[in-house]
Amino acid sequence: MNMMLSTWSFSEPILNAVATNLGDSASALDLVETCARMAEADESIDSVGYGGYPDAEGRCTLDAAVMLSPNQSGAVCAIERHKHPVSIARLVMEQTSHTLLAGPLADAFADAHGLESSDLLARPSKEKWLKWKEEHQPTETLAPYDTGTGKLFGNHDTIGTLAIDTHGTMAGACSTSGMAWKVPGRVGDSPIIGHGLYVDPKRGAATATGHGELISGICSSFLVVEL
């Protein structure tokens, strides 16, 4: 029997659907990729994929990673034209000798592998951004904390999924649109191996969700597995 764990309550129906549709014959990598793809395509999830909130200038950029082991991983960051960064990350792992591709050239890599290009900014996300923009000064600096309330700034959730299939193979994936209203060019923990995701089949696996700068500051997923 396959086992899956995933972050946040929005993952529950996704896990149930994937378990039903793919069954016990699916590989761990297929399971985690499919979970991430479903979240990426869901307009109602405002921190992942097509429904994600944009940066401070209204551009939606996506990050993702997949991992099987310390020497088998792939990731992309600052994707601007493809709805499923998790699938591009898998292509990086399976089709190259690299780990991370970034920005427009990562989009070009996806084009070269036949992945469909599309607009990433959903209408509800654009409307929320326009409202946010009206309430903030163009020169305002986004800080990790709201100094007035002491709370972490903005929306910063991620879907991170871990799975073990019937053959005992372990895999992980994570995908995010990053922090809402982020400074253009910002990349958080999710696509950085050891920060947002780490899988060591001999020891365990972890995925992170929350404030990327804080997570990256301690390489949290790697640290959890090491401990």
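Let me sum up the structure you'll find in this document. (Residues numbered from 1 in each chain as written. Predicted model: local features only at pLDDT ≥ 70, side-chain atom pairs only at ≥ 80, totals over all residues. Heavy atoms only, no water.)

## Let's talk about the packing of helix H3 (residues 85-95) against helix H4 (residues 103-112)
To be explicit about the condition: Helix axes are fitted only over the stretch in contact, all axes being lines through C-alpha atoms; the angle between N-to-C directions runs from 0 to 180 degrees. Think of it this way: any DSSP run of H or I at least four residues long counts as a helix, any run of E at least two long counts as a strand, and we number them from the N terminus. Geometric relationships in this document are graded by angle, where less than 35 degrees denotes roughly parallel, more than 145 denotes roughly antiparallel, 65 to 115 denotes roughly perpendicular, and other angles denote oblique. The contact rule is simple, with two residues in contact once any of their heavy atoms fall within 4.5 Å. Each residue gets one of three labels, nonpolar for Ala, Val, Leu, Ile, Met, Phe, Trp, Tyr, Cys and Pro, charged for Asp, Glu, Lys and Arg, and polar for the others, Gly among them.
Running from N to C, H3 and H4 point in directions that differ by 80°, and their axes come no closer than 10 Å. With respect to their mutual orientation, H3 and H4 come out roughly perpendicular. Counting all contacts with H3, which are made through Ile88, Leu91 and Val92, the residues of H4 involved are Ala106, Phe109 and Ala110. Per-class residue counts for the contact of H3 with H4 are 6 nonpolar, no polar and no charged.

## Details of the pairing of strand E7 (residues 197-200)
Spelled out, the test is: Only protein chains enter the area calculation, which uses a 1.4 Å probe; residues under 20% of their type maximum are buried, those over 50% are exposed, and those in between are partly exposed. DSSP bridges decide pairing: two strands pair if at least two such bridges lie between them.
Residue alternation in E7 divides its side chains into two sets, Leu197 and Val199 and Tyr198 and Asp200, and both sets are buried. Bridging between E7 and strand E8 (residues 204-207) involves 4 bridges; their strand directions are antiparallel. Bridging across to E8, Asp200 finds its partner in Gly204.

## Overview of the pairing of strand E6 (residues 170-176)
Buried residues dominate E6, accounting for 7 of its 7 residues. Here E6 shows two buried faces, one formed by Met170, Gly172, Cys174 and Thr176 and the other by Ala171, Ala173 and Ser175. Here strand E5 (residues 159-164) pairs with E6 via 6 bridges, running antiparallel. Each residue of the ladder has a partner; that of Thr161, found in E6, is Ala173.

## Comments concerning the side chain of Glu33
One can find Glu33 in helix H2 (residues 28-41). Its relative accessible area of 13% is what places Glu33 among the buried residues. Those residues in contact with Glu33, other than ones at most four positions away along the chain, are Val86, Ser87 and Arg90.

## As for the nonpolar core
How we decide: To qualify as a nonpolar core, a set must consist of buried Ala, Val, Leu, Ile, Met, Phe, Trp, Tyr and Cys residues joined through side-chain atoms within 4.5 Å.
Ranked by size, the top nonpolar core spans 37 residues in total, and within it Met4, Ile14, Leu29, Val66 and Val76 carry the most contacts. Mapped onto this core, the elements with two or more residues apiece are helix H1 (11-22), H2, strand E2 (62-69), strand E3 (72-79), H3, H4, E5 and E6. Looking at which element gives the most residues to this core, the answer is H2, with 7 residues. Setting aside its immediate chain neighbours within four residues, Val66 contacts Leu29, Ser73, Gly74, Val86, Ala89, Arg90, Met93, Gly172, Ala173, Ile193 and Leu197. The next biggest cluster of nonpolar side chains, apart from the first, holds 11 residues, and it includes Cys174, Tyr198, Val199 and Ala206.

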